[in-house]
2 protein chains.
Amino acid sequence: ISKAATLKMEWRTVPQSAHSKNTVNPVRKIADACAVQPNPSKRTIRLHLGDPSVGGKLPPCPEAVQAMHESVDSHMFDGYGPAVGALAARQAIVDKYSTPEATFTADDVVLASGCSHSLQMAIEAVADAGDNILVPHPGFPLYSTLCRPHNIVDKAYKIDMLANEVRIDLTYLETMIDSRTRAIIINNPGNPTGGVFTKRHLEEILEVAYKHKLIIIADEIYGDLVYNGATFYPLASLTPKVPVITCDGIAKRWMVPGWRLGWIIIHDRFNVLSEIKKGIVALSQKIVGPCAIVQGALPKILRDTPESYFEYTRNVIETNANIVENILQDVPGLQVIKPQGAMYMMVGVEKSSYGDDVTFCQNLIKSESVFCLPGQAFSAPGFFRVVLTSAEEEMEIAAMRIRDFCIQTYQNRTDSEDSSDEGLDLSTIESD
Amino acid sequence: ISKAATLKMEWRTVPQSAHSKNTVNPVRKIADACAVQPNPSKRTIRLHLGDPSVGGKLPPCPEAVQAMHESVDSHMFDGYGPAVGALAARQAIVDKYSTPEATFTADDVVLASGCSHSLQMAIEAVADAGDNILVPHPGFPLYSTLCRPHNIVDKAYKIDMLANEVRIDLTYLETMIDSRTRAIIINNPGNPTGGVFTKRHLEEILEVAYKHKLIIIADEIYGDLVYNGATFYPLASLTPKVPVITCDGIAKRWMVPGWRLGWIIIHDRFNVLSEIKKGIVALSQKIVGPCAIVQGALPKILRDTPESYFEYTRNVIETNANIVENILQDVPGLQVIKPQGAMYMMVGVEKSSYGDDVTFCQNLIKSESVFCLPGQAFSAPGFFRVVLTSAEEEMEIAAMRIRDFCIQTYQNRTDSEDSSDEGLDLSTIESD
Ligand SMILES: Cc1ncc(COP(=O)(O)O)c(C=O)c1O
Ligand SMILES: Cc1ncc(COP(=O)(O)O)c(C=O)c1O
C-alpha cells in the first residue's frame, strides 16, 4: 500500500457548512438540464441570459466608458474607500434619484457589488433564522438563494401574469403574513414576467404593507425600463408612510452587469429604519465596498448618460417584444404574455402538446438551436422566458424557428399517440 | 397632534437582525476613539491605514493601468461572467502560482471581491454556528468580524512577536483544538506584526494541522512582500499532506486595494476538500463575482508586471522600516519589533509611561499630528502599528516627531507624579 494511499485513509472528506450547502441557485440546476446539444445545422441563438451586453446590440454608452477611463487615470480610486461607498458616488445617486416625494441624502445610500449584493445586505439586515420574507413567484430566484442559507424562510406570494394587468394576489399575500414576517420583496418592473405594476396596484401593495407595518424591499433594477405604454413609479415615491429599502444598480439600464455596481437607498419613515441602517452599514464592512474604479466613474455615468441612450434601449426592447409577439401569438398551444418592462417575455406552453417547460426548452435547443430558460428557473413552470435584447433580425429568426418547431411538434402529437417527451425524468426539479 | 406624529406612533423601530448586529469591525470603534483633533500647527502625517495607495509613493504599475484601459475598451467584460470568475483570469492565477510542489488548475480557483471576500467565502464554507476557527492574535480583525455573525467561534491563538523570530505558540494552539474546530487561519506575512514565519516554523504548523487533521486557511495577501533577509514560502508548497485554502489578491502587491480583486486557491489533498469546493462555488453565486473589468485586466497584470516593480516596493518598505527603527530604537519606553514582511511595524509602548495604546495614539495625534492605529484594533494592546508605505522623508519626519513626543512625555512623567492619562475610560475596548 503506497504512502499516498495511507495518507488518504487518514483524512476524511471535510463536510461543507450547512450555510454553503443551503446556498442553492435553482437556475444552475435547470441550466444544467438544458445543457443539451443544439442542432449542428442551425446557428445558435442565445435568448436565455438576462445579460443585455450579450449580442452587441446594447453596448454601454460612450459616456460611461469614458468615465471608466477617467476614473482609472485619476488614480483617486486605487485605494480603499469607505465600506459604504465613496461619498461622491453616493451623492450622485442622491442627485439623480432623490425627489420631493421621496427625499434622501447620501447618508441613506450604501453601495454594493451589484444589485445582488444590495439584496444580500438588505435581507441579512432585516431577518434571522426562523423569520420569513415574502418573495414573488414567478420571480428572481436569488431572493430565495440569499434567504435559505440563513434559515430565513422565503414565503412565496403569487403574481398573476395572465390577468389583464400583471398583479399580485394580495388577498393570498395577506394570509401569509405572520409575526415572523420581516419584509415583502417587490420587484418592479419584473423579472421574469416583464410586467409593470400600475400606480393603483402599487398603492394597494403599500396599503397592505402599511396595515401590517411591514417594510418593503423594492428591487427596482429595471426601473424606467418600461414601454408599450407603461409608466414606472418608484415605490418609495408613492408613500409617505411605509419604509422602503430600494435595491438598484447600473447593470440593466447602463447595460454593464459585469461592472458589479449596485446600491441600497434606505427610504426611512419616522426613523423606523435607524437600526436596519446600522445593520446594513455594518454588513458593508465584510467586503469593503464595490470596485472603487466604478465608484469613481459613477457620478459621470449618472450625470452624463443622455436620455437618448435610454430611449434607444426601450425602443430596441419594445420592437423586439412586438416582433416576437406577432410571430408567436397564434401558434397553437403557446400563450404570449405581452411585456411592458424589463427585458423579458414569458410564453406559456401547453403541457399536453409540448411536455413541461424544461422538456420544451431542451427540444427547442436540439431542434432549432434556440436557447431560452424554462420558467421553472423562476418558479413559473409551464412557461419559457425569452430575453429581448438581441438584434431585431436575430429575434425574428428565433421567433420563426420557435413557431416552426411548435407547429411541427403540435402536428406530430395530434398525428400519433406518441409522446415527444424524451424520457428524461425532470420531476425532481419541477418542485414549484 | 399632527398626522405625521400619529403615523409615527403606529410604527415601531424595526430591529436589525442578530446577524448584522453581530457584524462588528473593532477597527471602527478604535478609529472612532482616535478621531481627535491633530495639532493645528503641524502638518498631518497618516500612517494608520493599511492602504499602500495613500501617499503616492507606491502607485500601481503602468502595465496594470494599461490592462484596465484595454479591458474597458475590449467590451468583453461588460457582461456577467461565471460567478467563480472568468476562466482566463483563473488560468492566469494558475500560470503564475501553480508549482510542482503545489499544483492546481483553474478549477481550483474562485475569484472574489477582494481578499476579504475570499476569506468570507472560505470561512462560511467550512464552519457553522457552534463550530470554531482558530485565528491569530495579534491579527487582522476581519477574521472575527466574519465569524461572529454566524455564531462561528473565533478562538484566538497567540503569536509571539517578541521572540527572536516571530512564532505561533503551538503548544497553546494545540490545547484549543476540539471536536468543533474546523480550520486554522494562518496569516503570513502578518498584519499587523510584520512578521514572516520561517520555513521550519511553517513546517511545525503543518505538523500540528496534520496531527489533528485540520485544514488551513492561509491568508497570503502579503506573500512575496518580504525583506530584511526573510524568505516567503507559500504554505501549500510545503505540504503534500495538509489541505490548504489560500486566500490572496492584488490589493497589497499591486497596490490597488480599491480594485477589489481577490481569489481563493483550493489546494486539495486526497480529494478531502471536494465538498468544501462545492460550497465555495455555491457561495460565489451570491454576488456573481468581482468586477469583470478587473477580471479582464488580471491576465495582463499578473503576466506583465515587471519584477522590478516588486523589488521597488520591497525596497521602499525595507528602507522605511530601517529609518523608523533607527530613530525609535533607543527611545525610552518604546520597543520596536523589527519587521520582515507586509507593510507594518509594531512598536510596544510602556503603559506606565505613556498610558495604554489608545491613549498613546490619541496623544500622538493631538501633539504631533501623526496618525497610527492602536494595537487594540488587532488584539495587540500595548502596541501601536506604523504603516511603512509613505515617502522616506515623511517616514523620517513622523519617526522624529514620535521620538520627540516620547522623550518629552517620558520626562514629564518622571518629573511629576501626574498621570498623562487623559482620563478617558478605555477599559471597555481593551478586551483582549
Ligand atoms: C430582478 C433582479 N434583481 C437583481 C438582479 C441582479 O443585478 P446585479 O447584476 O446588479 O447583481 C437581477 C439580475 O438579473 C434581476 O433580474
Ligand atoms: C491580513 C489581511 N488579509 C486580508 C486583507 C483584505 O484584503 P482586500 O483588500 O483584498 O480585501 C487585508 C487588508 O488589510 C489584510 O491585512
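Draft legend 1. A look at the relation of the copies chain B and chain A. For the pair chain B and chain A, the superposition axis carries a translation of 0.0 Å, the fit reaches an RMSD of 0.0 Å, and the rotation angle comes to 180°. As the rotation angle and translation indicate, the two copies are arranged about a two-fold axis. Here 100% of the contact residues of chain B are again contact residues in chain A; the copies associate through an equivalent surface.

Draft legend 2. Quick peek at the site of ligand 2. Residues in close proximity to ligand 2 total 15 residues, the closest being Tyr80 of chain A together with Ser116, Asn191, Asp219 and Tyr222 of chain B. Per-site note: the chains with residues close to ligand 2 are chains A and B. Measuring from an oxygen atom of ligand 2, one finds a backbone N or O atom of Cys115 of chain B at 2.7 Å. Between ligand 2 and Asp219 of chain B, the relevant distance is 2.6 Å, taken from a nitrogen atom to a side-chain nitrogen or oxygen of the residue. The protein chains hide 96% of the 400 Å² of surface that ligand 2 would expose on its own. Per-element accounting of the shell around ligand 2 gives the leading share, 4 residues, to helix α6 (residues 114-126) of chain B.

Draft legend 3. Quick look at the interface of chain B and chain A. The partner chain A presents 82 residues to the 82 residues of chain B that form the contact. Taken over both partners, the interface formed by chain B and chain A buries close to 6600 Å², and the fraction arising from carbon and sulfur atoms is 61%. Counting the surface chain B buries against chain A, the share from its top three residues, Trp11, Tyr80 and Lys286 of chain B, is 13%. Measuring nitrogen to oxygen at the nearest pair gives 3.8 Å for the salt bridge that ties Glu10 of chain A to Lys213 of chain B. In this structure, the connection of chain B to chain A is made through 33 residue pairs in polar contact (both at pLDDT 80 or more). For the side of chain B that touches chain A, the secondary structure elements donating two or more residues are α1 (3-10), α2 (18-21), α4 (62-74), α6, α7 (142-147), α9 (199-211), α10 (274-284) and α11 (292-304) of chain B. If one sorts the elements of the side of chain B that touches chain A by residue count, α10 of chain B sits on top with 7 residues. Partitioning the side of chain B that touches chain A into residue classes produces 42 nonpolar, 23 polar and 17 charged.

Draft legend 4. Region of the structure containing the side chain of Glu220 of chain B. Looking at the element boundaries, Glu220 of chain B is found in the loop between β7 (215-219) and β8 (244-249). Discounting chain neighbours no more than four positions away, the residues touching Glu220 of chain B are Asn188, Phe232, Tyr233, Pro234, Leu235, Thr246, Cys247, Asp248 and Arg253 of chain B.

Reading the values: the criteria
Residues numbered from 1 in each chain as written. Chains lettered and ligands numbered in written order. Predicted model: local features only at pLDDT ≥ 70, side-chain atom pairs only at ≥ 80, totals over all residues. Heavy atoms only, no water. Least-squares fit on C-alpha atoms with pLDDT ≥ 70 in both. Contact = heavy atoms within 4.5 Å. Near = heavy atom within 4 Å. Polar contact = N/O pair within 3.5 Å; in protein donor to acceptor, adjacent residues only side chain to side chain. Areas by Shrake-Rupley, 256 points an atom, 1.4 Å probe, with all protein chains shown as cover. Helix = DSSP H or I, 4+ residues; strand = E, 2+ residues; numbered from the N terminus. Buried area = accessible area lost by both parts, 1.4 Å probe. Salt bridge = Lys/Arg side-chain N within 4 Å of Asp/Glu carboxyl O. Nonpolar A, V, L, I, M, F, W, Y, C, P; charged D, E, K, R; others polar.

The quantities given are spatial measurements derived from coordinates; they are silent on function.
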